[in-house]
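# Examining the three-dimensional arrangement
Chain residues, written in single-letter form:
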Amino acid sequence: MTSNKRNAALLADLFVKHGLEDIIISPGSRNAPVIISFAGKKGVKAISIVDERSAGFYALGMAQQKKKAVAVSCTSGTAALNYAPAIAEAYYQKIPLLIFTADRPADFIDIGDGQAIRQKNVYKNYIKASFEITEDTSKNLAEKIINKAIDLAHHPEPGPVHINLPFNEPLYDTVEKGEEGNVENFERTANALSESYLKTLAARWNNYERVMIIAGQQDKNPELNRILSGFVNDKRFVVLIETTSNFHDENFVGCIDNVLVSIKEAEEKIFKPDLLVTFGGHIVSKKIKKYLRDNKPVEHWHISPSGQQLDTFFSLTKTIKSGPLEFFKTIDDLLKPASFVFANTWIRRRNKIIERRDNYLSKVSYSDLKVFDLLFDHIPTETVLHLGNSTPVRYSQLFGVKEWFTYRSNRGVSGIDGQISTAAGTALADKSKLNVLITGDLGFFYDLNGLTYAPSNLKIILINNGGGGIFRFIPGPDSSPFLEKFFEAKHNRKAEDFVKAFGIKYFTASNITDIVYSLPEFFNETEKPAILEIFTPGEKNAKILRDYFKFLGK
Ligand SMILES: Cc1ncc(C[n+]2csc(CCOP(=O)(O)OP(=O)(O)O)c2C)c(N)n1
Ligand SMILES: [Mg+2]
């Protein structure tokens, strides 16, 4: 049994034939044909989530974990607009999503009909592609559009693709057997770089003594990790990483902010690269952006499968259209080692600063900084660690990459509006993995609805510092008369009652002893999701962090 709307049934049929399975459905009438076609379809795993904003982020987290598109379906009107935050994040973080918005037929728009907006291509500024399939769209054309949409959601780099589906009433009629579709896969020429082009690049590269590689946000890639380890240990190039890069080697330079605050103006030039090579997604560190924008390399090459010109440091001279693994693997043997001076400059400084950091931490009083130091040593290994935007993802950079974690964070657009839903979606996608989210309080209360479907393998650590603590730290708002009310949005809300209303296990702590005491039971809770709310001193945190950077910079 499926919908009698041929193109809705076709969409479900091709979805399954392309090996996709997950769809998150939000209730409505206009999308009844999609609901009926998918919910009853063999091979489809359908979940019901009412809040479309949250549903979008659940789908994002699931797709990121499964590495294939997850679909969302909603009715017409503002329902469709609520997907926008998750779609923007998927667009900039390159995560495959399929967005199916049901719609009123064209002649019902702008005539005063309910739930009717101009929905066609409504996400145009942050979508990979947007299509419309009406009831009159021929089977062939509908098939073509669906095959193309599914292909574009995955290739050459993943991203969100929208299909708008206007339906006439009646909407709930069914047929025994729906239309079957033909899968069309698009042939792709390998993105292989020619040997001569590789040789040209290698010759240019070999001209430079000071080569720096920066790994942006990406998922773990053991093979590429091995090649980059060779680059730093055998070829003496400098490799800068962040927690969100998910790379690990004792000679990669992590904790970038710690090192940068120690670089005096007079010595900025000796740390400056001549050739900068970047790949992957966005970079978190504001300090490295400022440093490289002030100290531009001679050349900056960005490696991107789609040829994206990601000019983060306003110094981009070349984009190399290739997958990072393919590029570094094929150019490896053509590169000659650089002098060890530049690499040693960075590595020695990093080592010195790590000592200073640990010295400061051994004496620091109870604060966000102290709490993060403790948490990263107590979170179980093999955890998928989700870092909330604002200070959690920034504190993580101060402690360096732990190779046993898989780091995730919504750094595509850095919103605080979908952190719980994203982590819950990732946890739902693979229940064998422990997922831990560390979130700030404003981010937590913003996405409370994300708790509605949270699975038992999700644990949330809520750092409640009574508002947007970051605004007490960054220069500007910290000295504004509007700090507390309009920047920090200071409050004294506690999560306890909200959490218990969702039937979730609640733990609380306000000092190191309480935290250490609660953590074992918190992580061993297997029946339910659990939340550990840690209260920290809002006002003191910023001063302690500022003193920390001053101490490192001495
Ligand atoms: C959707 C969205 N709205 C507003 C912002 C601006 N913003 C950035 S950080 C921040 C404060 C977050 O506070 P909290 O989650 O408590 O983290 P903390 O700063 O205390 O670590 C805000 C409002 C944003 N990033 N995303
Ligand atoms: Mg906060």
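Anything mentioned here points back to the structure above.
Notes on the structure in this doc start here. As the structure is a computational prediction, the values presented were derived from the model and not from experiment.

## A few points about the overall build of the chain
Check the secondary structure of the chain and you find 21 helices and 19 strands. Relative to the globule expectation of 24 Å for 554 residues, the C-alpha radius of gyration of the chain, 25 Å, shows essentially globular dimensions. Its C-alpha atoms give the chain principal-axis dimensions of roughly 75 × 65 × 45 Å. With 554 residues in all, the chain has 58% of them scored as buried. Across the chain, every contact between residues at least 6 apart in sequence was considered, and the portion connecting residues at least 24 apart equals 76%.

## Some details on the nonpolar core
One finds Trp205, Ile213, Phe327, Phe328, Leu369 and Leu375 to be the most contacted residues of the largest nonpolar core, which totals 74 residues. Structurally, this core is a two-domain feature, drawing no fewer than three residues from each of domain 2 (195-349) and domain 3 (364-552). Once you skip the residues sitting within four places of it in the chain, leucine 369 turns out to touch Tyr360, Leu361, Tyr395, Leu398, Phe399, Ile544, Leu545 and Tyr548. In this structure, Met62, Cys74, Ala80 and Leu437 belong to the second largest nonpolar core, which totals 42 residues.

## Brief notes about the sheet that holds strand S10 (residues 238-240)
Spatially, S10-S9-S11-S12-S13 is the arrangement adopted by the five strands of the open sheet, whose pairing is parallel. At either margin of the open sheet sits one strand with a lone partner, and together these are S10 and strand S13 (318-321). Neighbour to neighbour, the strand axes of the sheet diverge by 20 degrees on average, direction disregarded. As judged from the five bridges shared by strand S9 (residues 211-215) and strand S11 (residues 275-279), these two strands associate in the parallel manner. What sits directly across from alanine 215, in S11, is phenylalanine 279.

## Comments concerning the sheet that holds strand S17 (residues 458-464)
Reading across from one edge, S15-S14-S16-S17-S19-S18 is the order of the six strands in this open sheet, with parallel pairing throughout. With partners counted over all chains shown, the strands left at the sheet margins are strand S15 (406-408) and strand S18 (505-509), one partner each. Adjacent strand axes in the sheet meet at a mean angle of 20 degrees when their direction is disregarded. Here strand S14 (residues 384-387) pairs with S15 via three bridges, running parallel. What sits directly across from leucine 385, in S15, is tyrosine 407.

## What about the pattern of salt bridges?
On inspection of all chains with the given rule, the structure shows 39 salt bridges. A salt bridge links lysine 45 to glutamate 21, with the nearest nitrogen and oxygen atoms 3.9 Å apart. One end of the pair, lysine 45, is in strand S3 (residues 45-48); the other, glutamate 21, is in the loop between helix H1 (6-17) and strand S2 (22-25), with 24 residues separating them in the sequence. A salt bridge links arginine 357 to aspartate 358; the nearest nitrogen and oxygen atoms lie 2.8 Å apart. Judged by relative accessible area, which is 37%, aspartate 358 ranks as partly exposed.

## Focus on the coordination of the magnesium ion (ligand 2)
Around a metal, the ideal angle is 109.5 degrees if four donors adopt a tetrahedral arrangement and 90 or 180 degrees if six donors adopt an octahedral arrangement. For the magnesium ion (ligand 2), the full set of protein donor atoms is Asp441 (OD), Asn465 (OD1) and Gly467 (O), and the range of their distances to it is 2.1 to 2.2 Å. Site description for the magnesium ion (ligand 2): donor spacing in sequence, D-x23-N-x1-G.

## Side note on the site of ligand 1
Close contacts around ligand 1 come from 18 residues, with Ser390, Thr391, Gly443, Asn465 and Gly469 the closest. With respect to ligand 1, the backbone of serine 414 contributes an N or O atom lying 3.1 Å from a nitrogen atom. Residue aspartate 441 places a main-chain N or O atom 3.1 Å away from an oxygen atom belonging to ligand 1. For the shell around ligand 1, the secondary-structure elements that each account for two or more residues are helix H15 (391-399) and helix H17 (441-446). Looking at the shell around ligand 1 residue by residue, the classes come out as six nonpolar, ten polar and two charged.

## Examining the environment of leucine 201
Its location among the elements puts leucine 201 in helix H7 (residues 195-206). Separated by 119 residues in the primary sequence, leucine 201 and isoleucine 320 have C-alpha atoms spaced 9.7 Å apart. Excluding residues that lie within four positions of it along the chain, leucine 201 makes contacts with Trp301, Lys318, Ile320, Phe327 and Ile331.

## Details of the side chain of glutamate 533
Along the chain, glutamate 533 falls in strand S19 (residues 530-535). One buried charged side chain, glutamate 533, makes no salt bridge at all; its nearest oppositely charged neighbour is lysine 494, positioned 6.1 Å away. In this view, glutamate 533 contacts Leu462, Asn464, Arg493, Lys494, Ala495, Glu496, Tyr506, Phe507, Thr508 and Ala509; residues no more than four positions away in its chain are not counted.

## Remarks on a nonpolar patch on the surface
Where nonpolar side chains cluster on the molecular surface, the patch consists of Tyr91, Tyr92 and Val413 and spans about 260 Å² of accessible area. You can call tyrosine 91 partly exposed: its relative accessible area is 30%.

Rules of the game
- Residues numbered from 1 in each chain as written.
- Chains lettered and ligands numbered in written order.
- Predicted model: local features only at pLDDT ≥ 70, side-chain atom pairs only at ≥ 80, totals over all residues.
- Heavy atoms only, no water.
- Helix = DSSP H or I, 4+ residues; strand = E, 2+ residues; numbered from the N terminus.
- Rg over C-alpha atoms; globule rule 2.2 N^0.38 Å.
- Buried < 20%, exposed > 50% of the residue type's maximum accessible area, 1.4 Å probe, protein only.
- Contact = heavy atoms within 4.5 Å.
- Core = buried A, V, L, I, M, F, W, Y, C linked by side-chain atoms within 4.5 Å.
- Domains from an automatic or database assignment.
- Pairing = 2+ DSSP bridges.
- Axes fitted to C-alpha atoms, helices over the stretch in contact; angles between N-to-C directions.
- Salt bridge = Lys/Arg side-chain N within 4 Å of Asp/Glu carboxyl O.
- Donors = N, O, S within 2.8 Å, 3.2 Å for Na, K, Ca; no water.
- Near = heavy atom within 4 Å.
- Polar contact = N/O pair within 3.5 Å; in protein donor to acceptor, adjacent residues only side chain to side chain.
- Nonpolar A, V, L, I, M, F, W, Y, C, P; charged D, E, K, R; others polar.
- Lys, Arg positive; Asp, Glu negative; His and termini not counted.
- Patch = residues over 30% accessible without salt bridge, like charges linked within 9 Å, V, L, I, M, F, W, Y side chains within 5 Å.
- Areas by Shrake-Rupley, 256 points an atom, 1.4 Å probe, with all protein chains shown as cover.

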